[in-house]
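Each chain, written out:
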Amino acid sequence: MVSQSPHPSDEKETDLTENTSPSEAPPEQEAPNADWSFRIHGLGKCFGTHWAVRDLSLTLRHGEVYGLLGPNGAGKTTTLRMIAGLIEPDEGSLQLSGVDRDTEPLEARKKIGFVTGSTGLYQRLTPLELLHFFAKLHELPKHEAQRRIDELVDVLGLESFSKQQAGTLSTGQKQRVNLARALLHSPTLLILDEPTAGLDIISADFILKTIQKAREDGRSVILSTHILTEIELLCDRIGILLQGKLVQEGTLATLLQNTQTSSLAQAFLKIVQAPTEQAPSKEQSPAATEEVA
Amino acid sequence: MRWPIILTLWKKELLEMLRDRRTIIIMVLLPLVLYPIIGLVTSQAQSARVQKLRKSRFRIALIDASLPEPLMRKLLKDNDIEHLRSKDPWLKRIAQKDLSLAIEIRRPKDHAASRPTSSPSTLTAKTSRPSAQPKASSRPSKLHFALPPPYQLRISYLSTSDASRAAKRRIQEILVEYHKLAIQQRLQRFRISPNLVRAFTIEDNDIASAQARGRDILSSMLPLLLIIMTIVGALYPAVDLTAGEKERGTLETLLTAPITSIEIITGKYLTIFCISMITGLLNMLSLWFTFSQGMRMLVGNRKLAIDMTLHAYHYLALLGFLALIAALSSAVMLSMASFARSFKEGQNYTTPAYLLCFMPTFFATLPGSKATLTTAMIPFVNVAFAIKGTIKGDLSLNYALLTLFSMSVVTVAFLKLSATIFQNEQVLFREGDISWKGLFSANAGKRLTIPSISDTFFLLSLQFALLFYVGISLQTKNIALGTTITLWGLFFLPAVGWARARHFDLKETFRLKPLPLKNFLPITLIVVGGLPVVLVITHLISAWLFPEWGEVARQMDKSFSMKTFGLSLPVFFLLLSVSPGICEEMVFRGFVLRSLQTRLKPQSAILLSAFLFAAFHLSLYRLLPTMMLGVVFGWVCWRTGSIFSTMYAHALHNGLSLAIGLWITNKPIAKWLFPSDRPAYWLLAVGLVIFVAGVYWLQRLSPSPTEQRS
């Protein structure tokens, strides 16, 4: 599916921020090569004639939490789906701890855990059955699978409802099961697309603590959410996606400094509402991008 | 493909499906409980109704008539008799079900005139004496009786009323019985043996054993039911496992696991197959049991005249055919349901597929329908015949193998389609309403200037319906006017109208590009050379493939004469050569071919458009030759990029064919050009040479087609 890109990027080893940040943004400090766990380069996805995401490069360190922000239709979900291997990018490459997605797609998926706010659970399976099912799909050895499941049931507090069919669980409980499912195979990279959408404050807090724990375990996390406080609280770096392009990237402090604002919300609005020349793909109408993203 | 993974997927899907109440209801409850209940209730209700009718007293009217005493007594035993006059509204009362029936007695006119009687209409068993007593020595041929002509009884009843029908049956039995008695009495009066009026007696002797009778019933009923139920069994799980999963958001979860789409689809397919198979099996057993149990209940302790037992090898063969049905229906349902985004949408796609799958199998259950080479190639119909043959014991191994082959090929094709659909991101993650353009066209999202495949699909569906429901009946009433309306009103106008309504670029859609004059000569060569080729192929087809259709074809050829059309020569040619050239080309080489090229390679697009062109001629016998013409026209059009090239080619071809029919067929030269016993191979060779020369020349003139796959 990877087509020949009309905009090939030959600079494989260049600093990631050079490609992604707009001219004003100073380049961020990049993680040393040996330390990176995840790297995408020149990623792009075209739906029909519209590029939903274009020329996206990103590198994440072990234990780094990266916040992906953007207005509706900016291409966040498409980006995350490409990284998770749900849809094939039309251009670009993706590497995970030394595994190239193009040559070893299944191996790459084994290193990724993916949770979205709308991820469903099998209504007629219990959390335990679900976890055992996914353990088999990940080809975990039996004893290893049992150990991981016991551990996750304990850590995520699934014990009280582990034998109840998922259809009877609350939204918060379901999301915890989903997290357990995503962490089951000890992924290197955890992708979370609005994981706290629709959750009450207690459940949301539980999810955030789990993300914290994942960071401590050395996992890289990409978090996409509309709740900016979560980003402020958790993320080491923040990237802002607009019309399929990464227009700003850096730590919270850098973003605030670049935009001359005092809060992430203000910074975000300033970037998103900036004159269109800031957006690199101005020839595309926002409506069209929204439609395909 | 990793089979342990597929097995894991299959186990999980099956567990989930079995925990779903709806599956259990359709798969187990419906056949195991519902059929026996329906069977018992309906059979008992039916027998109760029959009993009730048998015992009920019917109200019968005698119109202006009286009946002899013994007959009246018999009638009065179980019925109420009313004497009415002919002017009374008795017909209305029968219609209102107030009367069950009415009997009128009509006395023959001549007899009534010659022999006035005191009672106006009295039917008696008496006869007038013979004018001459037969003597013992006389020969029977000289016997002469002055017998009155028979009375005429008319029974008026209402066939749509159960009670009226039952009354009619009862009265008829009584009358027939009485009639026999009357004859017997007459004969007795003259001491004549009843054998005088009885040349022979008839006795039924059905040599079919109880078992054969049972199998005959089973063979007519089982195939259709088995096919319907097995497809139904596949329908629900297919929708649930694909569209249902998308709706519940679990498919995304599954796709993040390190498994391939092929493994997922195989796991799902196996699950649907199993459930479909179990549903079919339980339905078969339950129906068979309900039926045989019902028979047993009906006859009580008497020996059954129908025996439905089957042997082990029957069951084994049925199981094999069941597996074939389940395999194909699961693949069909899976591919249809994979398109859908929600459960409801899934049902919208699978229901027409379900109807298309089982409707043709009705053909197999028609009395007198025979298993042939053609039926062996039609999926589901072939299995229906094979099951029928298995039960009756006349299934040939060849037929079974052909069935296996045909079903397997189609199953594999649908599985491949399912896999393709399942790997399509647009199908998996699309949001909003279905965009067929997005699925089948590379132009998704772009403002279209030429029709897409879905436009062609809808236009041709509309035109087919118009042709079938309007065109054919118009042509039957008035062939010349009907053909004109069909060509211009049902082909040309809808195609142009559709393109205009959708704001397509008409010039590009219909390739309205001027054609350089130098192109006309090679096209003429192609058509002139191609004509004998088409004629020879038509001849071969009629001789080898459809010998029985030769006559039909000859009749059809005759119908294309100026006489049947009642037109003058120029108008005849204008209608049958120029008009088709313009109208059919605008549709098939313009609209259709152009749209197919948006998605298919030129070769495939030309082939498919040619097939559609041939299919619209509604003749199986002409399918292949017409398709070949379609290919030639398609190629010419694609090569020159102008619709006028193919309009000219089509008109020229039709004109030449008509000219042959008008001026050559009945001349001596025809025997030489088109011998009836074998095709003129020399003509084929000459034609081919001219044809190839034309093709080569045209290729030289337009070296590379202007349009590529867009």
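Residues numbered from 1 in each chain as written. Chains lettered and ligands numbered in written order. Predicted model: local features only at pLDDT ≥ 70, side-chain atom pairs only at ≥ 80, totals over all residues.

A look at the overall build of chain A
So, point 1. Looking only at helices and strands, chain A has eleven helices and ten strands in total.
So, point 2. Scored against the burial criterion, the 293 residues of chain A give a buried share of 50%.
So, point 3. Restricting the contact set of chain A to residue pairs at least 6 apart, pairs at least 24 apart contribute 72%. (Helix = DSSP H or I, 4+ residues; strand = E, 2+ residues; numbered from the N terminus. Buried ≥ 20, exposed ≤ 12 C-beta atoms within 10 Å, placed from the backbone. Contact = placed C-beta atoms within 7 Å.)

A closer look at the overall build of chain B
So, point 1. Along its length, chain B carries 28 helices and four strands.
So, point 2. By the burial criterion, 35% of the 710 residues in chain B qualify as buried.

Some points on the sheet that holds strand β5 (residues 99–100) of chain A
Residues and elements named next belong to chain A.
So, point 1. The four strands lie next to each other as β2-β1-β4-β5, forming an open sheet whose pairing is antiparallel. The sheet is open, and its two borders are formed by β2 (50–61) and β5, each paired with just one other strand.
So, point 2. Examined bridge by bridge, strand β1 (residues 36–47) and β2 share eight bridges and lie antiparallel to one another. From the neighbouring strand, Ile-40 faces β2, where its bridge partner is Leu-58.
So, point 3. Running over the sheet, helix α2 (residues 76–84) touches β1, β2 and β4 (91–96) and is turned about 60° from β2. (Pairing = 2+ DSSP bridges. Axes fitted to C-alpha atoms, helices over the stretch in contact; angles between N-to-C directions.)

Let's talk about the interface of chain B and chain A
So, point 1. In this assembly, 21 residues from chain B lie in contact with 29 residues from chain A.
So, point 2. Secondary-structure elements contributing two or more residues to the side of chain B that touches chain A are α1 (3–18), α8 (250–256) and α15 (425–429) of chain B.
So, point 3. The greatest single-element share of the side of chain B that touches chain A, amounting to five residues, is contributed by α8 of chain B.
So, point 4. Grouping the amino acids of the side of chain B that touches chain A by side-chain chemistry returns seven nonpolar, six polar and eight charged. (Nonpolar A, V, L, I, M, F, W, Y, C, P; charged D, E, K, R; others polar.)

Observations concerning the sheet that holds strand β9 (residues 237–242) of chain A
The pairing of strands in a sheet happens through backbone hydrogen bonds and is either parallel or antiparallel.
All names here are of chain A.
So, point 1. Taking strand neighbours across the sheet as the criterion, the six strands line up as β6-β7-β8-β3-β9-β10 in an open arrangement whose pairing is mixed. Strand pairing shows two members of the sheet lacking a second neighbour, β6 (112–116) and β10 (245–250), which therefore form its edges. Averaged over all adjacent pairs, the angle separating strand axes in this sheet is 15°, with direction ignored.
So, point 2. In the packing of α2 onto the sheet, contacts are made with β3 (65–69), β6, β7 (189–193), β8 (220–224) and β9, and the angle to β7 comes to roughly 150°.
So, point 3. Helix α6 (residues 171–183) rests against β6 and β7 of the sheet, and its axis sits at about 165° to β6.

Topic: the packing of helix α10 (residues 312–339) of chain B against helix α14 (residues 397–423) of chain B
All names here are of chain B.
So, point 1. It is at 8 Å that the axes of α10 and α14 come closest, and there the two elements cross at 25°. Taken together, α10 and α14 sit at an angle that is classed as roughly parallel. Between α10 and α14 lies a crossing whose hand is left-handed. Listed contacts from α14 to Leu-324, Ala-327, Leu-328, Ala-331, Val-332, Leu-334, Ser-335, Ser-338 and Phe-339 of α10 are Leu-404, Met-407, Val-410, Thr-411, Phe-414, Leu-415, Leu-417, Ser-418, Ile-421 and Phe-422.
So, point 2. Of the residues belonging to the contact of α10 with α14, the class tally is 15 nonpolar, four polar and no charged. (Parallel < 35°, antiparallel > 145°, perpendicular 65-115°, else oblique. Left-handed = near helix turned anticlockwise from the far one by under 90°.)

Notes on the environment of Ser-118 of chain A
Residues and elements named next belong to chain A.
So, point 1. Along the polypeptide, Ser-118 turns up in the loop between β6 and α4 (127–137).
So, point 2. Using a count of 12 C-beta atoms within 10 Å as the deciding quantity, one classes Ser-118 as exposed.
So, point 3. Along the sequence, Ser-118 and Gly-198 sit 80 residues apart, while their C-alpha atoms lie 9.4 Å from each other.

What about helix α9 (residues 252–259) of chain A?
Residues and elements named next belong to chain A.
So, point 1. By the burial criterion, the buried members of α9 are Thr-254, Leu-255 and Thr-259. In an axial view of α9, the angular spread of the buried residues amounts to 115°, which keeps them on one side of the axis.
So, point 2. Tucked inside the fold, the buried residues of α9 contact β9, β10 and α10 (264–272).
So, point 3. Gln-260 sits one or two positions beyond α9 and adopts a positive phi of about 55°. (Arc of directions from axis to C-beta.)

Side note on the nonpolar core
Note on soluble globular proteins: their nonpolar side chains tend to be buried together.
So, point 1. Ranked by size, the top nonpolar core spans 148 residues in total, and within it Ile-191, Ile-222 and Leu-223 of chain A together with Val-383 of chain B carry the most contacts.
So, point 2. Tallying contributions element by element places α10 of chain B first for this core, with 15 residues.
So, point 3. Sequence-distant contacts of Ile-222 of chain A, that is, excluding residues within four places in its chain, are made with Tyr-66, Leu-68, Leu-80, Ile-83, Leu-189, Ile-191 and Leu-192 of chain A.
So, point 4. Counting residues in hydrophobic clusters, the runner-up holds 52 residues, among them Val-533, Phe-591, Trp-635 and Tyr-648 of chain B. (Core = buried A, V, L, I, M, F, W, Y, C linked by C-beta atoms within 7 Å.)

Structural notes on the pairing of strand β3 (residues 101–106) of chain B
All names here are of chain B.
So, point 1. Sheet topology places strand β1 (residues 58–63) next to β3; four bridges connect them, and they run parallel. Paired with Ile-60 across the two strands is Leu-101, which belongs to β3.
So, point 2. By the bridge criterion, six bridges tie β3 to strand β4 (residues 152–157) in an arrangement that is antiparallel. When the sheet's bridge partners are listed, Ile-105 is paired in β4 with Leu-153.

Some words on helix α18 (residues 479–501) of chain B
All names here are of chain B.
So, point 1. For α18, spanning 23 residues, the distance from its first C-alpha to its last is 31 Å, which sits close to the expected 33 Å at 1.5 Å a residue.
So, point 2. The sharpest bend along α18 reaches about 30° and sits at Leu-493, with the proline Pro-494 one to four residues further on.
So, point 3. Along α18, the positions that sit buried rather than exposed are Thr-486, Leu-487, Leu-490, Phe-491, Ala-495, Trp-498 and Ala-499.
So, point 4. The elements touched by buried residues of α18 are α17 (453–477), α19 (506–509) and α23 (569–596).
So, point 5. Immediately beyond the C-terminal end of α18, within one or two residues, lies His-503, with a positive phi of roughly 55°. (Expected span 1.5 Å × (residues − 1). Bend = angle between axes of the 7 residues up to and from the residue.)

Quick word on unusual backbone geometry
So, point 1. Positive phi is not limited to glycine here, since Asp-55 of chain A has a value of about 55°.
So, point 2. Within the secondary structure, Asp-55 of chain A sits in strand β2.
So, point 3. Exposure remark for Asp-55 of chain A: the 21 C-beta atoms within 10 Å place this residue in the buried category.
So, point 4. Positive phi, close to 50°, is recorded for Arg-511 of chain B, a residue that is not glycine.
So, point 5. By the secondary structure assignment, Arg-511 of chain B is in the loop between α19 and α20 (520–545).

A look at the pairing of strand β2 (residues 79–84) of chain B
So, point 1. Judged from the six bridges that link them, β1 of chain B and β2 of chain B form a sheet pairing that is parallel. Looking at β2 of chain B, one finds that Ala-61 of chain B is bridged to Glu-82 of chain B.

Let's talk about the confidence of the model for chain A
All names here are of chain A.
So, point 1. Summarising the model, chain A shows a mean pLDDT of 80, and 82% of its residues fall at 70 or more.
So, point 2. Across chain A, the secondary-structure element scoring lowest on mean pLDDT is helix α1 (residues 16–20), at 37, and the one scoring highest is α4, at 94.
So, point 3. Low pLDDT (under 50) marks residues 1–32, which in the prediction has 52 contacts with non-local residues, meaning those over four places away or in another chain. (pLDDT = per-residue confidence, 0-100.)

Structural notes on the confidence of the model for chain B
Residues and elements named next belong to chain B.
So, point 1. In the predicted model, chain B carries a mean pLDDT of 82, and 85% of its residues have values of at least 70.
So, point 2. Contacts from residues 432–446, a stretch scored under 50 in pLDDT, to residues over four places away or in other chains number 32 contacts.
So, point 3. Taken together, the stretch residues 706–710 has pLDDT below 50 and engages in eight contacts with residues farther than four places along the chain or on a different chain.
So, point 4. Scored by ipTM, the complex comes to 0.80, with pTM at 0.67.

Section: the environment of Leu-428 of chain B
So, point 1. Assignment of secondary structure puts Leu-428 of chain B in helix α15.
So, point 2. Considered as a pair, Leu-428 of chain B and Leu-255 of chain B are 173 residues apart in the sequence and their alpha carbons are 9.9 Å apart.

Side note on the packing of helix α24 (residues 602–615) of chain B against helix α25 (residues 623–640) of chain B
Residues and elements named next belong to chain B.
So, point 1. Closest axis-to-axis distance for the α24/α25 pair is 8 Å, and the angle between their directions is 135°. On the basis of the axis angle, α24 is oblique to α25. Considering the relative orientation of α24 and α25, their crossing is right-handed. Of the residues in α25, those in contact with Pro-602, Ile-606, Leu-607, Ser-609, Ala-610, Phe-611, Phe-613 and Ala-614 of α24 are Leu-623, Thr-626, Met-627, Gly-630, Val-631, Gly-634, Trp-635 and Trp-638.
So, point 2. Classifying every residue of the contact of α24 with α25 gives twelve nonpolar, four polar and no charged.

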